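What the coordinates show
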Amino acid sequence: MSHDGVGPRAALRSLAFLTVGVLAVPALAGCGSDDPAGKPLAGADIARADRSGIADGGTLRWAVDTVPDTLNTFQSDADATTTRIAQAVLPSMYRMDGRGRPVRNPDYLESAEVVDTEPRQVVLYRLNQQAVWSDGREIGAADFAAQWRALSGKDTAYWTARNAGYDRIEKIERGKNDLEVKVTFSRPYADWKSLFTPLYPKEVMGTPDSFNDGARKKLKVTAGPFTVKKVDTEEDEVTLTRSTRWWGDPARLSTIVLRAVPRDKRISALSAGTVDLAEIDPAAVRRITAAALPRSASSPLMGPGAEQSAADALRSWAIANGSDEEAADEEISARKKLRKKAAKYARQQKALTGFEVRKSLEPAYTQLALNGADGPLADERVRRAVARALDRKAIAEAVLKPLGLPAEPLGSHLALSGQAAYADGSGALGEQDAKEARALLADAGWVPGGPVKKEKDEEEEAAGSEGEKGGDSEEDTESEGGDDGTYIVGEDNKAPRDSGTGAGRLERGGGDDKAPQGSGTGAGRLERGGDGEDDKAPRDSGTSTKQLKQGGAPGAYAPKGTAAPARAENVRVAKDGKALTLRFVLPSGPGSDTLRTVAGRISEMLERIGIGTKITKVDDESYFKDHIASGEYDLALYSWPATAYPATDARPVHAKPVPAADGSLNVEQNYTRVGTDQVDQLFDQAVTTLDAAERRALLRKADSRIWAAAGSIPLYQRPQLTAARKNLANAGAFGFRTPVYEDMGFLKKPARGPGAESAGPSAGD
């Protein structure tokens, strides 16, 4: 699970999704128009090239979020970089194709099939006879058995994060020869293809000590196109080198350096030439896109000082050359700093011309979580009202459309478009309908215009300034939809609610540079960027709307005290003397702009049915642990990775919470605390159903029930934005597809003339 920019280390199957051009999707076999799974909304954008056109050698410097604390993907502190390393250096029996479905990896596996179902399910693996560990030993049944024993959950000395599937194995034995591995299950297990990916050598899995500590900072034995050379925590990088024992297509690159670079520092790293490949945010996309434009088109609109109006420039010159020496010195110093920033920006833009943006959709989705443990959202009718108020299409468009990506709302909690289990189950909840949402609220006792008792702390809060920090790590912003719907013209300096200006602050989000015209900005101020827009008059012109006082401009205001027509649909609903206000918790970090944009849109939509929101921004470090996992929120935004094995991986996310022995509530990974026995039963049936069609039907039925419970509302598949050096091939925005590390590399330079040899890589060595 992750929110944009922050990724708690959940115990789900490890997937590199972080919180990792023209998007042409080819025709897919088996995906007819009547197939509810449909097609992926976007394909991989990796600058595909034939291996023959890629130079031999070179170093790829790849920006990652962290240097991992462990190289063991089955430990609780494994992260996305752990997975990336494992994909490059360890065996995987199956990997994901472009539709997010598992396909056999022929480098390790000749075949795998269920050969018996009665009295027990038996899977027979036939291994590639060339597959060996880096020490020369054949990969075989001993490695499979060691991993099963470590992950079965029977020996608590192994500090494992998950054992799903391995706990269903009864025994593992050698087949007819050393290349066959026979796995017998004690209970049927439909997601058997999820097992042994990655596969660790028995040297790691054989004992608790080697499992717990032996693979945290080094992997002595590997079996992939690359091997781990060094994990350097001082330099914050991991170095992978080409394996001499690899039997498949030889890696084109000689070295891959995974370098930890914070998201907000990646433009600097790219322009400085210290990385060649990096996932980036929408602001960085704009920088790289602008760098590729003709200078006359880009320079006036971007960079330090670009937002300065002619009047501001004239005022600055006047102060710098004025008689007030102290003010002149300050202004001259500020102008020098601005020139330095502008020069740095120009140098960076020039360097960025060597990069391009490759984009797709991540194998992950963002959802709105509704905490059903207590409070108003414990009532299913209120949750359904919130869900029915949302225009999910508009939210998806706000995030994805500015990026040139398909902007379709997600229709499933369990799969993404193109995956086998996908089907749009949102019909179980119903389409957006504000009238129906208000009816649901009324049925739950929340009615518009009812008497509201103001609590003492609410009065004190109302007296404070908007956005005032509540403690060291929280910042609250309350929507203005909580009054009686009457705006008294001239009594304050706020614009009417339907004017499109909003009431609080909406910081510009990652995927959404500006609010659509006339849409309003909900919870806040729309901060203008360097795009040439300027909604303010010069500060000394006397025409700023902030300077207009009551009666200061003839005709601008109706007489003081005149009531504007009330908008009944916006009147705050109340029950038992208390208005309905939901606490909306968001991360405050620099990578969370998109979430704040989405939260602003959602707050607007809820305001229209009479629900107020109190947006609380908290430190990234505490967002998950202290708020999501502990249930200290009403509404929240975070993401889950897609999985090819939803019967296994999605069950703990949607399982009905049960009381623990100590009296606490065991929620597993269901942080909304909303679940039903029926959903649990459908998951249990699906995971034991070996027939693929029957299993898909059970999962789609479970998804419909999850929609109906309205504990979480899928919004959109997350954008995947990657900056890549232009001559880097077979790398970028991978979408669903597992990266093929041996095919990555730098394109050969074109020959200079007859008989000229191709040059080597243009980056790295």
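Residues numbered from 1 in each chain as written. Predicted model: local features only at pLDDT ≥ 70, side-chain atom pairs only at ≥ 80, totals over all residues. Heavy atoms only, no water.

1. Focus: the sheet that holds strand S19 (residues 573–575)
- Strand order in the open sheet made by the three strands is S13-S19-S20, with antiparallel pairing throughout. Whereas interior strands pair on both sides, the edge strands pair on one side only; in this sheet they are strand S13 (447–448) and strand S20 (578–579).
- Bridging between S19 and S20 involves two bridges; their strand directions are antiparallel. Of the residues in S20, the one forming a bridge with Ala574 is Ala579. (Pairing = 2+ DSSP bridges. Helix = DSSP H or I, 4+ residues; strand = E, 2+ residues; numbered from the N terminus.)

2. Notes on the confidence of the model for the protein chain
- The pLDDT averaged across the protein chain works out to 82; a share of 76% of its residues lies at or above 70.
- This model gives residues 458–472 a pLDDT under 50, and the stretch forms 16 contacts once residues within four places in sequence are excluded.
- Confidence over residues 755–765 falls short of pLDDT 50; this stretch has 27 contacts with residues more than four positions distant or in other chains. (pLDDT = per-residue confidence, 0-100. Contact = heavy atoms within 4.5 Å.)

3. Things to note about the sheet that holds strand S6 (residues 169–174)
- If you trace the four strands from one edge of the open sheet to the other, you get S4-S5-S7-S6, paired in antiparallel fashion. Of all the strands in the sheet, just strand S4 (109–116) and S6 have a single pairing partner and so form its edges. The average angle at which neighbouring strand axes cross in this sheet is 15°, direction not considered.
- In this structure, S6 lies alongside strand S7 (residues 180–185), joined through five bridges in antiparallel fashion. Its bridge partner being in S7, Lys171 is matched across the sheet by Thr184.
- Contacting strand S5 (122–127), S6 and S7, helix H2 (residues 141–151) runs over the sheet at an angle of about 160° to S6. (Axes fitted to C-alpha atoms, helices over the stretch in contact; angles between N-to-C directions.)

4. Some details on the packing of aromatic side chains
- Taken as a whole and judged by the stated rule, the model has 18 aromatic pairs.
- Taking 6.0 Å as the distance between ring centres and 65° as the angle between the ring planes, the aromatic pair formed by Phe74 and Tyr200 counts as edge-to-face. Here Phe74, found in the loop between strand S1 (59–64) and helix H1 (80–89), pairs with Tyr200, found in the loop between S7 and helix H3 (202–205); they are 126 residues apart in sequence, far enough to count as distant.
- Classification of Phe74 as buried rests on a relative accessible area of 1%.
- A ring pair is formed by Tyr94 and Trp192, whose centres lie 6.1 Å apart and whose planes are at 85°; its orientation type is edge-to-face. Remark: Trp192 occurs in the loop between S7 and H3 and Tyr94 occurs in strand S2 (residues 94–96); sequence separation between them is 98 residues.
- Here a set of aromatic residues connected by ring pairs shows up, and it is made of Phe74, Tyr94, Tyr125, Phe144, Tyr166, Trp192, Phe196 and Tyr200. (Phe/Tyr/Trp six-rings, centres within 6.5 Å; stacked < 30°, edge-to-face > 60°. Buried < 20%, exposed > 50% of the residue type's maximum accessible area, 1.4 Å probe, protein only.)

5. Thoughts on the nonpolar core
- Grouped together as the largest cluster of nonpolar side chains are 105 residues, with contacts concentrated most on Tyr125, Phe196 and Leu240.
- Sort the elements by how many residues they give to this core and H2 lands first, with seven residues.
- In terms of nonpolar packing, the next biggest core, distinct from the first, is built from 62 residues, Ala284, Val357, Leu403 and Val573 among them. (Core = buried A, V, L, I, M, F, W, Y, C linked by side-chain atoms within 4.5 Å.)

6. Concerning the pairing of S1
- Of all the six residues making up S1, six are buried; the element is thus mostly covered by neighbouring parts of the structure.
- Burial of S1 is two-sided: the residues Thr59, Arg61 and Ala63 facing one way and the residues Leu60, Trp62 and Val64 facing the other way are all buried.
- Pairing of S1 with strand S10 (residues 255–260) involves six bridges; the strand directions are parallel. Its bridge partner being in S10, Leu60 is matched across the sheet by Ile256.

7. Concerning helix H18 (residues 677–688)
- For H18, spanning 12 residues, the distance from its first C-alpha to its last is 17 Å, which sits close to the expected 16 Å at 1.5 Å a residue.
- What H18 keeps buried is the set Val679, Asp680, Leu682, Phe683, Ala686 and Val687. For H18, the angular spread of buried residues about the axis comes to 160°, placing them on one side.
- Those residues of H18 that are buried lie in contact with helix H16 (646–649), helix H17 (651–654) and helix H19 (692–709). (Expected span 1.5 Å × (residues − 1). Arc of directions from axis to C-beta.)

8. With respect to a positive patch on the surface
- Judged by side-chain charge, Lys336, Lys337, Arg339, Lys340 and Lys341 come together as a positively charged surface patch.
- Mapped onto the fold, Lys340 is located in helix H9 (residues 325–352).
- For Lys340, a relative accessible area of 63% gives the class exposed. (Patch = residues over 30% accessible without salt bridge, like charges linked within 9 Å, V, L, I, M, F, W, Y side chains within 5 Å. Areas by Shrake-Rupley, 256 points an atom, 1.4 Å probe, with all protein chains shown as cover. Salt bridge = Lys/Arg side-chain N within 4 Å of Asp/Glu carboxyl O. Lys, Arg positive; Asp, Glu negative; His and termini not counted. Charge placed at Lys NZ, Arg CZ, Asp CG, Glu CD.)

9. Focus on the pairing of S7
- In terms of burial, S7 is largely enclosed, as five of its six residues are buried.
- Direction of pairing for S5 relative to S7: antiparallel, over a ladder of five bridges. Note that in S7 the partner of Leu124 across the bridge is Lys182.
- Linking S6 back to S7 in an antiparallel pair, the connection comprises five residues.

10. Quick notes on helix H14 (residues 593–607)
- Across its 15 residues, H14 extends 21 Å between first and last C-alpha, which sits within 8% of the 21 Å expected from 1.5 Å per residue.
- Of all the 15 residues making up H14, 14 are buried; the element is thus mostly covered by neighbouring parts of the structure.

11. Details of the environment of Glu632
- Locating Glu632 in the fold gives a position in the loop between helix H15 (620–628) and strand S23 (635–641).
- Glu632 sits 261 residues away from Asn371 along the chain, and the two C-alpha atoms are 8.5 Å apart.
- Once residues lying within four places of it in the same chain are set aside, the contact partners of Glu632 are Arg583, Val585, Asp626 and His627.

12. Some thoughts on the side chain of Gln349
- Among the structural elements, Gln349 can be located in helix H9.
- Look at Gln349 and you get buried, because its relative accessible area is 11%.
- Among all residues touching Gln349, those that are not within four sequence positions of it are Arg287, Ala290 and Ala291.

13. Considerations on the pattern of salt bridges
- Taken as a whole and judged by the stated rule, the model has 27 salt bridges.
- Overlapping salt bridges, with partners in common, bring together Asp65, Arg263, Arg266 and Glu279 in one network.

14. Some points on unusual backbone geometry
- Cis geometry marks the peptide bond from Glu118 to Pro119; its omega dihedral reads 0°.
- Structurally, the position occupied by Pro119 is in the loop between S4 and S5.
- Following Thr197, the chain continues into Pro198 via a peptide bond in cis, with omega recorded as 0°.
- By the element assignment, Pro198 lies in the loop between S7 and H3.
- The backbone of Arg673 shows a phi angle near 60°, a positive value even though the residue is not glycine.
- Under the relative-accessibility criterion, Arg673 is labelled buried at 15%.
- Backbone geometry at Ala710 places phi at a positive 55°, although glycine is not the residue there.
- Mapping Ala710 onto the fold places it in the loop between H19 and strand S26 (712–725).

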